[in-house]
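Residue-level structural notes
As a plain string of letters, each chain reads:
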Amino acid sequence: MTGYNSKGDVATSNGNHRNGHSNGSSSNGDRPADDLAQENQTDNGRIQCSLTPEELRALRVLNEDTYPYEVIQEIADFIVKGAGMRPKIGIICGSGLGSLADIIQDAKIFEYEKIPNFPVSTVEGHAGKLVVGHLEGAIVMAMQGRFHFYEGYPLAKCSMPVRVMKLCGVEYLFATNAAGGINPKFAVGDIMLMHDHVNMLGFAGNSPLQGPNDPRFGPRFPALVNSYNKDLINKALEIGKSMGIESNMHVGVYSCLGGPTYETIAELKALRMMGVDAVGMSTVHEVITARHCDMKVFAFSLITNKCSTEYSDKKDEEANHDEVMSVAKNRQKACCELVARLVREIHAQS
Ligand SMILES: O=P(O)(O)O[C@@H]1C[C@H](O)[C@@H](CO)O1
Ligand SMILES: Nc1nc2[nH]cnc2c(=O)[nH]1
């Protein structure tokens, strides 16, 4: 059998692996490169490809920026069949917020590495598991680990799981993230419900929808006004009130930068002038992909650090991922309750 894993290795029928890394296992042992090149040469001097058509197709899919509809459908079928249920709500867990998936009951867990054609998570705080099960009566699917542009994935690949969710039957996307608070009124640990975004990667000419448009997902030129569902924002505000956290909740504008660097003071000043309240490295391309295929979107940022727009020599004012993770851990209970109660409301309405 020929199989593929998500690291781009190709496993052949005799169990050998080919990959591009010098320290990877090789079906060719330690034979000199000249020998191998000669063996693969055809009469016209071109290197002959020894991959089967299936192997080539899988490699193409792994390396392509866009996933064909049929491949997304295959992934969705794999998940729905494996889980034995069809989810209605999709949740993307932000950095350190993986516990949002831990509250799912009767969970069927899929490691990303075992899902055909799925990328792998490479960031600390993103476990790399897809969890399908029940939450407050609804069937949900949660990504414990998302894909970021700075990991080296093209945007279409980063947000490909949103299309998988859609073909699984998901109607609502809940996207969560850890973000730096630029609005001076925001404190560490606050929750900002997103009501709009500034797509900085889009300003630079990058979009998850780049390339040929497949109308089975949505239109070539989707509108993005009203992307963030107002009813869900209002419901979340009511829930926040009844949890007694209304003074730690805001509604604001998020912006996604490419990362992995945190922002300079000059960049933060520019973002603030543009009306940005919180800054991160994700979510926007997922929201674009979700709106393109007409999903209802709810998204929030957990403010894990304050972004000062004043120059300072203080080391403790510099953002760092350990702080991001530790704040997320401390606030996971409130985030889980907010998500669970909103899911309950949606389920009660349907
Ligand atoms: O996945 P999210 O957007 O929650 O993660 C944020 C952005 C970077 O991945 C990381 C930086 O600390 O946290
Ligand atoms: N870009 C960015 N991402 C974050 N994720 C968590 N905090 C931050 C931040 O300050 N900036």
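The structure this text deals with has already been given above.
What counts, and at which threshold
- Residues numbered from 1 in each chain as written.
- Chains lettered and ligands numbered in written order.
- Predicted model: local features only at pLDDT ≥ 70, side-chain atom pairs only at ≥ 80, totals over all residues.
- Heavy atoms only, no water.
- Helix = DSSP H or I, 4+ residues; strand = E, 2+ residues; numbered from the N terminus.
- Expected span 1.5 Å × (residues − 1).
- Buried < 20%, exposed > 50% of the residue type's maximum accessible area, 1.4 Å probe, protein only.
- Arc of directions from axis to C-beta.
- Contact = heavy atoms within 4.5 Å.
- Polar contact = N/O pair within 3.5 Å; in protein donor to acceptor, adjacent residues only side chain to side chain.
- Near = heavy atom within 4 Å.
- Areas by Shrake-Rupley, 256 points an atom, 1.4 Å probe, with all protein chains shown as cover.
- Axes fitted to C-alpha atoms, helices over the stretch in contact; angles between N-to-C directions.
- Left-handed = near helix turned anticlockwise from the far one by under 90°.
- Nonpolar A, V, L, I, M, F, W, Y, C, P; charged D, E, K, R; others polar.
- Pairing = 2+ DSSP bridges.

**Focus on helix 8 (residues 230-243)**
- For helix 8, spanning 14 residues, the distance from its first C-alpha to its last is 20 Å, which sits close to the expected 20 Å at 1.5 Å a residue.
- Looking only at helix 8, the buried set comprises L232, I233, A236, I239, G240 and M243. Down the axis, helix 8 shows its buried residues gathered within 125 degrees of arc, on one side only. Among the exposed residues of helix 8, those oriented more than 90 degrees off its buried face are K230, D231 and K241.
- Buried residues belonging to helix 8 abut strand 8 (172-181), strand 9 (191-199), strand 10 (249-256), strand 12 (296-306) and helix 11 (321-349).
- Two to three positions downstream of the cap, the backbone nitrogen of D231 sits 3.1 Å from a side-chain oxygen, assigning the N-cap of helix 8 to N229.
- Directly beyond the C-terminal end of helix 8, a positive phi value near 75 degrees is found at G244.

**Side note on the site of ligand 1**
- Around ligand 1 sit 13 residues in total, of which S95, Y150, Y262, S282 and H321 are the nearest.
- Residue H126 places a side-chain N or O atom 3.3 Å away from an oxygen atom belonging to ligand 1.
- In the environment of ligand 1, an oxygen atom lies 2.7 Å from a nitrogen or oxygen atom belonging to the side chain of H148.
- Taken by itself ligand 1 offers 340 Å² of open surface, and the protein chains cover 95% of this.
- At the level of secondary structure, the elements contributing two or more residues to the shell around ligand 1 comprise strand 8 and helix 11.

**A short note on the packing of helix 3 (residues 69-83) against helix 6 (residues 160-168)**
- Between helix 3 and helix 6, the least distance of the axes is 8 Å, while the angle of their chain directions is 65 degrees. Relative to helix 6, the crossing made by helix 3 is right-handed. Along its contact with helix 3, which presents Y69, I72, Q73, I75, A76, I79 and V80, the element helix 6 presents M160, R163, V164, L167 and C168.
- By residue class, the composition of the contact of helix 3 with helix 6 is 10 nonpolar, 1 polar and 1 charged.

**With respect to the site of ligand 2**
- Close to ligand 2 lie A178, A179, G180, Y262, E263, V279, G280, M281, T304, N305, C307 and V324.
- G180 places a polar main-chain atom, nitrogen or oxygen, 3.4 Å from a nitrogen atom of ligand 2.
- Contacts to ligand 2 include G280, whose backbone N or O atom sits 3.5 Å from a nitrogen atom.
- Alone, ligand 2 offers 280 Å² of accessible surface; in the complex the protein occludes 95% of this.
- Of all the elements in the fold, those that place two or more residues in the shell around ligand 2 are strand 8, strand 11 (278-280) and strand 12.

**Section: unusual backbone geometry**
- Residue P260 is reached from G259 by a cis peptide bond, and omega for that bond is 0 degrees.
- Turning to its location among the elements, P260 is positioned in the loop between strand 10 and helix 9 (265-273).
- Even without a glycine there, the phi angle at N117 is positive, about 65 degrees.
- Considering the arrangement of structural elements, one finds N117 in the loop between strand 5 (105-111) and strand 6 (129-135).
- Among the residues examined, N117 registers a relative accessible area of 14% and is labelled buried.
- At N226, a residue that is not glycine, the phi angle is positive and equals roughly 60 degrees.
- Locating N226 in the fold gives a position in the loop between helix 7 (200-203) and helix 8.
- Of the residues examined, N226 reaches a relative accessible area of 56% and is grouped as exposed.

**Details of the pairing of strand 9**
- Counting buried residues along strand 9, 7 of its 9 residues qualify, which places the element largely inside the surrounding structure.
- Two strands pair when backbone bridges link them, and strand 9 and strand 12 are joined in this way by 3 bridges, in the antiparallel orientation. Within the sheet, the bridge partner assigned to I191 lies in strand 12 and is L302.

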